[in-house]
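Structural description and commentary
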Amino acid sequence: MEEINYTRDELNKLEIFNKGGFEGRILVYSDQLLIKAFEPYLKEILDFENKKLKIIRLNEKNINGMVLVKPQTLVNVDGKFEGYVMQKINEGKTIDSFHDFKILLNLYQKLFEKMEIIHDNNIIIGDVKHANIVVEELEPVFIDVDSMAVDELEMDHKQLITGLTKTIPNIYNKYKNNDEKEIDKLKLLSCFIHSINQNRGTIYQRLTESDLSQTFKNEAVKILETDYNLNVSKNIHQLFEDELRKAR
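First, a word on scope: everything that follows refers to the structure included in this document. The residue numbers shown here count from 1 along each chain, following its written sequence. Owing to the predicted nature of the model, reporting of local features is limited to residues with pLDDT of at least 70; listing and counting of side-chain atom pairs is limited to 80 or more, with chain, interface and lining totals taken over all residues. Think of the side-chain values as coming from all heavy atoms in the structure, minus any hydrogens and water.

**Side note on the pattern of salt bridges**
The rule for a salt bridge is simple: a side-chain nitrogen of Lys or Arg has to be within 4 Å of a carboxyl oxygen of Asp or Glu. All chains considered together, the criterion is met by 19 salt bridges. In this structure, E23 engages K36 in a salt bridge whose closest nitrogen and oxygen atoms are separated by 3.7 Å. One end of the pair, E23, is in the loop between β2 (16-18) and β3 (24-28); the other, K36, is in strand β4 (residues 33-38), and 13 residues separate them in sequence. Comparing E23 with K36, the two get one shared label, buried. Through salt bridges with shared partners, a single network forms among E23, K36, K51, K54, D144, D146 and D156. In this text, helices come from DSSP runs of H or I with a minimum length of four residues, and strands from runs of E with a minimum of two, each type numbered from the N-terminal end. Each residue is assigned to one of three classes by its accessible area relative to the maximum for its type, calculated with a 1.4 Å probe on protein chains only: buried under 20%, partly exposed between the two thresholds, exposed over 50%.

**Concerning the pairing of β3**
Among the five residues in β3, five count as buried, and that is most of the element. Two strands qualify as a pair provided DSSP detects at least 2 bridges between them. The pairing of β2 with β3 spans two bridges and is antiparallel. Opposite N18, over in β3, you have I26 as the bridge partner. In this sheet, β4 lies alongside β3 in antiparallel orientation, the contact comprising five bridges.

**Topic: a nonpolar patch on the surface**
Each patch is assembled from residues with relative accessible area greater than 30% and no salt bridge, linking like charges that lie within 9 Å and nonpolar side chains (Val, Leu, Ile, Met, Phe, Trp, Tyr) that lie within 5 Å. Residue burial considers only the protein chains on display, and all accessible areas are found by Shrake-Rupley using a 1.4 Å probe. Taken together, the side chains of F22, Y41 and I45 make up a nonpolar region of the molecular surface, amounting to roughly 330 Å² of accessible area. Within the secondary structure, Y41 sits in the loop between β4 and α2 (48-60). For Y41, a relative accessible area of 39% puts it in the partly exposed group.

**What about helix α9 (residues 233-247)?**
The end-to-end C-alpha distance of α9 is 21 Å, a good match for the 21 Å that 15 residues give at a rise of 1.5 Å each. When we look at burial in α9, the residues that qualify are S233, I236, L239, F240, E243 and L244. Along the axis of α9, the buried positions cluster into a sector of 130 degrees, meaning they face one direction only. Along α9, the residues that are exposed and aim more than 90 degrees away from the buried face are K234 and K246. If you follow the buried residues of α9, they end up packed against α3 (101-120), α6 (180-196) and α8 (214-224). By this rule the span expected of a helix is its residue count minus one, scaled by 1.5 Å. Starting at the helix axis, one direction is taken to each C-beta atom, and the arc is that of these directions. Here a residue-residue contact requires only that any non-hydrogen atoms of the pair lie within 4.5 Å.

Just distances and angles here, no functional claims.
Listed below in structure tokens is the structure:
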């Protein structure tokens, strides 16, 4: 994998695209490319060698860039690994920006299909949330790839459970008793329910008060209530097909 080198001063002179969360900054590399530059203090918290190996492995995967934002080039600062170059997607517009029922059905149907591709490549997303899904011309793309698990390389912050994930009933039992791929899909279902109904309330209230069909609601409740042997993808694709057909 190719590498580019900056001094600290050179990197700090690059235009900031966005703050990129607590882990680092997203900087402008060119009109079409961005740099994710990690904060140096992360070296005291995370295994940077593991992160670098994951980025290299992701670069080698045969996955389309509209499924997930693949790392293209390693970035070194003063001779040490500190980030990577990636494609810029639609000015960073996340799925939170969309509210139309039919459009959201379409986007999440594609996300479940793309998640299958990611899992087939032995990748676990882990941090599935709205902020990590950007949309380019109605094509949703998973980002924040360096935190994912790749092959035998573990995800960052594996024990961290975010606010959206905590809304899933009995999530700690589900974590202990199910495959990580099924947990990924369950988190994506939770994202969908929170997208489709952004009113306050429990995940059950949001689901019940949404415009989804009673069939979808019933199946979603069964998934949410399952603590063992989760199989989210068993009916999910057909459910989205049926909802889209009704929405036409």
